[in-house]
Amino acid sequence: MDLLRFTTAGSVDDGKSTLIGRLLYDSKQVFADQLEQVEAASAALGDDGVNLALLTDGLRAEREQGITIDVAYRYFATPRRKFIIADTPGHEQYTRNMVTGASTSNLAVVLVDAQQGMTQQSRRHASIASLLGIPHVVVAVNKMDLVGYREDAFERIVHDFTAFAAKLETTDVTFIPISALHGDNVVTRSDAMPWYQGPSLLYHLETVHIASDRNLVDTRFPVQRVTRRRNPEYRGYAGTMAAGILRPGEDVVVLPSGFESTVEAIDTLEGEVDEAFPPMAVTVRLADDLDVGRGDMLARPRNRPEVTQELDAMVCWMSDRPLAARGMYALKHTTRDARAMITDVVYRLDVDTLHRDPEADRLAANDLGRVRLRTTTPLCVDPYDRNRSTGSFVLVDEQTDSTVGAGMILDRG
Ligand SMILES: Nc1nc2c(ncn2[C@@H]2O[C@H](COP(=O)(O)OP(=O)(O)OP(=O)(O)O)[C@@H](O)[C@H]2O)c(=O)[nH]1
């Protein structure tokens, strides 16, 4: 069964918690003991019925105990699909959280309050979803009950959002009018909005076509480690397929060294396989005895990533200490660790207006901007819009060992 990863984005009080609670509750993913707790807490607050936001927040608190996490991953399944929700609490660090949660998402649900309409925050969330290359966006127009379930309220938001999204690269945008509180169009279709002919949110999540979002063209296999098992002659390269397809008998090039060989066999825990594709974890054996190690990448001789020490990237900055030219950081890209120096801050992007400020010489926490970097060792990279996995990296502060930036590599053309 396939898996859809999605993230939710909304401003404070748009109803994110209520929506997630509703999805879990109506698709019967809530355990009896959790439900009892929430019913008791709801009653204590004077709510009749179940306060769904409490349900989500309760699960959140449970997860957060003792560990600082910015993104809680929540799992649920229906007969059609498995789901992972990257639930991003906290309002201060929304850009950072959204970047963390969204970087592997297939889809983003952007909540817009039907009464308030498009806000600066909605524009920001749409911009970030687009920059992160999330292939599918759902605009869930929530609290339709507060506008009398009127079509014109919904249409106004569709119109405003579409006008703004025209400036973005996101192509697949679906609008769904919902009431998370009452459950309209969340799991089941609502009778309250006969003018809406589309699917419920859950049905859309179950059926949106994601198979072709994977890049099966550019073969990329970052080597995680060299394994020697079974016998002394056995030497395999273990890792996870980042893109493309790999089959025994095919020619490969090892980068950055440039040595070429042929795939002899592909092993998995279940035995040998005829082909490997993302996100399979496999061990590749080559016909020749080459010097291959962690951080190297296998690709096809005629379809290679760029091997470079100069990067142009959009960076989302997450640290209170600003990013500025000449800063040095540890850089993690696929399985390779390097060090990088910021050589230039090209511009800072205002995600509300999409205006570029070329005068900016630094990025503060939650800023996005274009920077140039030079790395100490060569990296095998693709543009992010071609391949999210070989096109992204993180920057780590070497003193505190904390992640301070997420980067998306741009095509320098
Ligand atoms: N009338 C109405 N109220 C709603 C709806 N959805 C949420 N609300 C209410 O809006 C308020 C905020 O909802 P939350 O789910 O806590 O929203 P949130 O702030 O986005 O959630 P988090 O930031 O994730 O904690 C609560 O009082 C909800 O009951 C809706 O569809 N209709």
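What you see is a predicted model; the values in this text were computed from it and never measured.

Calculation rules
Residues numbered from 1 in each chain as written. Predicted model: local features only at pLDDT ≥ 70, side-chain atom pairs only at ≥ 80, totals over all residues. Heavy atoms only, no water. Helix = DSSP H or I, 4+ residues; strand = E, 2+ residues; numbered from the N terminus. Buried < 20%, exposed > 50% of the residue type's maximum accessible area, 1.4 Å probe, protein only. Contact = heavy atoms within 4.5 Å. Salt bridge = Lys/Arg side-chain N within 4 Å of Asp/Glu carboxyl O. Expected span 1.5 Å × (residues − 1). Arc of directions from axis to C-beta. Core = buried A, V, L, I, M, F, W, Y, C linked by side-chain atoms within 4.5 Å. pLDDT = per-residue confidence, 0-100.

Caption draft 1: Summary view of the environment of valine 282. Checked against the element boundaries, valine 282 lands in strand E13 (residues 281–286). Classification of valine 282 by relative accessible area gives buried; the value is 3%. Separated by 13 residues in the primary sequence, valine 282 and leucine 269 have C-alpha atoms spaced 8.0 Å apart. In this view, valine 282 contacts Phe221, Tyr237, Ala238, Gly239, Ile266, Asp267, Thr268 and Ala276; residues no more than four positions away in its chain are not counted.

Caption draft 2: Structural view of the pattern of salt bridges. Applying the stated criterion across every chain, the model contains 24 salt bridges. A salt bridge links aspartate 113 to lysine 143, with the nearest nitrogen and oxygen atoms 3.7 Å apart. Linking aspartate 113 in strand E4 (residues 107–113) with lysine 143 in the loop between strand E5 (136–142) and helix H6 (151–165), this pair joins segments that are 30 residues apart in sequence. Relative accessible area serves as the criterion here: at 6%, aspartate 113 is assigned to the buried category. What makes lysine 143 partly exposed here is its relative accessible area of 22%. Linking arginine 235 and aspartate 289 is a salt bridge whose minimum nitrogen-to-oxygen distance equals 3.1 Å. Of this pair, arginine 235 sits in the loop between strand E8 (225–227) and strand E9 (236–240) while aspartate 289 sits in the loop between E13 and strand E14 (297–299); the two residues are 54 residues apart in sequence, bridging distant segments of the chain. The class of arginine 235 is partly exposed, set by a relative accessible area of 24%. Shared partners join several salt bridges into a network, and the residues in it are Arg247, Glu250, Glu275 and Arg300.

Caption draft 3: Representation of H6 in the model. In this model H6 runs 21 Å from its N-terminal to its C-terminal C-alpha over 15 residues, within 8% of the 21 Å that 1.5 Å per residue would give. Regarding H6, the residues found buried are Ala153, Phe154, Ile157, Val158, Phe161, Phe164 and Ala165. Here the buried residues of H6 occupy an arc of 135 degrees about the axis, which is enough to place them on one side.

Caption draft 4: Broad picture of helix H5 (residues 120–131). The terminal C-alpha atoms of H5 lie 16 Å apart, and with 12 residues this matches the ideal 16 Å at 1.5 Å per residue to within 8%. All of the buried residues in H5 are Ser122, Arg124, His125, Ala126, Ser127, Ile128, Ala129 and Ser130. Following H5 by one or two positions, glycine 133 has its phi on the positive side, about 70 degrees.

Caption draft 5: Molecular detail of the side chain of aspartate 218. In this structure, aspartate 218 sits in the loop between helix H7 (201–207) and strand E7 (221–222). Taking the relative accessible area as the measure of exposure, aspartate 218 reaches 5% and is therefore buried.

Caption draft 6: Inspection of the nonpolar core at higher detail. Ranked by internal contacts, the top residues of the largest apolar core, which has 59 residues, are Phe6, Leu19, Val109 and Met144. Here the element with the most residues in this core is H6; it accounts for seven residues. Other than its neighbours up to four places away in sequence, valine 109 contacts Phe6, Thr7, Thr8, Ala9, Leu19, Val138 and Ala140. Core analysis: the next-biggest nonpolar cluster, separate from the first, contains 20 residues, Ala313, Ala338, Val345 and Val404 among them.

Caption draft 7: Examining the confidence of the model for the protein chain more closely. On average, the protein chain scores 87 in pLDDT, and the residues at 70 or more come to 86%. Note that pLDDT drops below 50 for residues 62–69; the model gives that stretch seven contacts with residues more than four away or on any other chain. Here the complex is predicted with pTM 0.78, and the ipTM for its interfaces comes to 0.96.

Caption draft 8: Layout of the environment of aspartate 218. Each C-alpha atom, one on aspartate 218 and one on alanine 242, is 9.1 Å from the other, the two residues being 24 residues apart in sequence. Apart from residues no more than four positions distant in its own chain, aspartate 218 is found in contact with Ala243, Gly244, Asn303 and Arg386.

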